[in-house]
Amino acid sequence: MRKMILVWVMVCVMPALGLTNEDDPKTVVASTIQSIIDVLEARADKDSISDEDRENIRKVVAGKFDYREMSRRSVGKPWKKMTAEKQTEFTELFRQVLEYSYGNQLAGYHGQKVVFEKADFKKDKARVKGAVIDDNKTIPMEYRLHQTPTGWQVYDIKIEGVSMITTFRKDFKSIIKKKDVDGLMLTLQQKIDKLKAKG
C-alpha cells in the first residue's frame, strides 16, 4: 500500500510538465513537482486532501498534460473512427479519471524524496528518468514527453518499467470489444462518479 501511494504521488504531479519557460525537460519536471509538493506540505490536515488543496493543484496542472495525446494512444485504432466531438468528450473523461484516480491518493504523501536524471532527447521527444525514495525503497519512474507549440508535455509515464498508457490501452481494448467506445465512455463516467463520491 505504501509503495502504491508513492506511485500515485509521482503520477499525479506529472500533468504540470511545461509549466515553466525552461527548455530542459528535467528542469521543468523537477520544478513543477516541487511546486505540487509545496501544496501538499502546506496542508492543514496532512492526512487528507481538501477541496482547496485540489483546486490549488488543479490550477498548477491545468493545460500542461497532453490529455488528448494520451487519450488517443490509450484508445488506439478506434480513435480514428471517433468524431471530433466524441474525441473531445472522451479526452475530458480521461482527464477526470486521471485527476480523481491519482488525486485521491495524494493524501498519502509524507515527505518522500524525489530524484531525477538528465533528459534524453530524440527529435521532438524526451525521456526523463527519476525515482521516489522512501525508507531505503526506490521506485523507478520514466517520463515520456514531446515538444508542442506550448512547450514540453507528457504523453506517457512508466512505473517500474510498466507504461501507464499501455496499461490503459489493454483495459480499454477489452471494454471496447464488449461495449464499443460509447460503452467505454459510460464506464469511465461511472468510475469518475464513484471516485468523486469517495472524496
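To be clear, the structure that these remarks concern was listed above.
Residues numbered from 1 in each chain as written. Predicted model: local features only at pLDDT ≥ 70, side-chain atom pairs only at ≥ 80, totals over all residues. Heavy atoms only, no water.

A separate point is helix α2 (residues 25-41). Here α2 contains 17 residues, and its C-alpha end-to-end distance of 24 Å stays within 8% of the 24 Å for a straight helix at 1.5 Å per residue. If you check which residues of α2 are buried, you get Pro 25, Val 28, Val 29, Thr 32, Ile 33, Ile 36, Ile 37, Val 39 and Leu 40. Here the buried residues of α2 occupy an arc of 160° about the axis, which is enough to place them on one side. (Helix = DSSP H or I, 4+ residues; strand = E, 2+ residues; numbered from the N terminus. Expected span 1.5 Å × (residues − 1). Buried < 20%, exposed > 50% of the residue type's maximum accessible area, 1.4 Å probe, protein only. Arc of directions from axis to C-beta.)

Together, Lys 77, Lys 80, Lys 173, Lys 177, Lys 178 and Lys 179 make up a region of like positive charge exposed at the surface. One can find Lys 173 in helix α6 (residues 164-198). According to the relative accessible area criterion, Lys 173 is exposed, its value standing at 64%. (Patch = residues over 30% accessible without salt bridge, like charges linked within 9 Å, V, L, I, M, F, W, Y side chains within 5 Å. Areas by Shrake-Rupley, 256 points an atom, 1.4 Å probe, with all protein chains shown as cover. Salt bridge = Lys/Arg side-chain N within 4 Å of Asp/Glu carboxyl O. Lys, Arg positive; Asp, Glu negative; His and termini not counted. Charge placed at Lys NZ, Arg CZ, Asp CG, Glu CD.)

Residues separated by three or four positions in an α-helix point in the same direction, a consequence of the helix having 3.6 residues per turn. Regarding helix α4 (residues 67-75), the residues found buried are Tyr 67, Glu 69, Met 70, Ser 71, Ser 74 and Val 75. Each element contacted by the buried residues of α4 is listed here: α5 (84-103), β4 (137-148), β5 (151-159) and α6. Immediately downstream of α4, the backbone of Gly 76 shows phi near 80°, a positive value. (Contact = heavy atoms within 4.5 Å.)

Okay, the pattern of salt bridges next. Within the structure shown, the criterion is met by eight salt bridges. Residue Arg 95 is joined to Glu 92 by a salt bridge in which the shortest nitrogen-to-oxygen separation is 2.7 Å. Taken together, the residues Arg 95 and Glu 92, both in helix α5 and three residues apart, mark about one turn of the helix. One salt bridge in this structure joins Asp 124 and Lys 125, with 3.7 Å as the shortest N-O distance. Judged by its relative accessible area of 39%, Asp 124 is partly exposed. A relative accessible area of 30% places Lys 125 in the partly exposed class. Here the residues in one salt-bridge network are Glu 69, Arg 72 and Arg 73, joined through shared partners.

Each aromatic ring pair is characterised by the separation of its centres together with the angle its planes make. Taken as a whole, this structure holds nine aromatic pairs when the rule is applied. Pairing Phe 65 with Tyr 67 gives two aromatic rings, centres 4.9 Å apart and planes at 65°, and the pair type is edge-to-face. You can call Phe 65 buried: its relative accessible area is 6%. Taking the relative accessible area as the measure of exposure, Tyr 67 reaches 13% and is therefore buried. Relative to Phe 172, the ring of Phe 90 has its centre 5.9 Å away and its plane inclined at 90°; by these criteria the two rings are edge-to-face. Here the residue Phe 90 occupies a position in helix α5, and Phe 172 occupies one in helix α6, the gap between them amounting to 82 residues. Both residues of the pair, Phe 90 and Phe 172, belong to the buried class. Pairwise contacts between aromatic rings join Trp 79, Phe 90, Phe 94, Phe 168 and Phe 172 into one cluster. (Phe/Tyr/Trp six-rings, centres within 6.5 Å; stacked < 30°, edge-to-face > 60°.)

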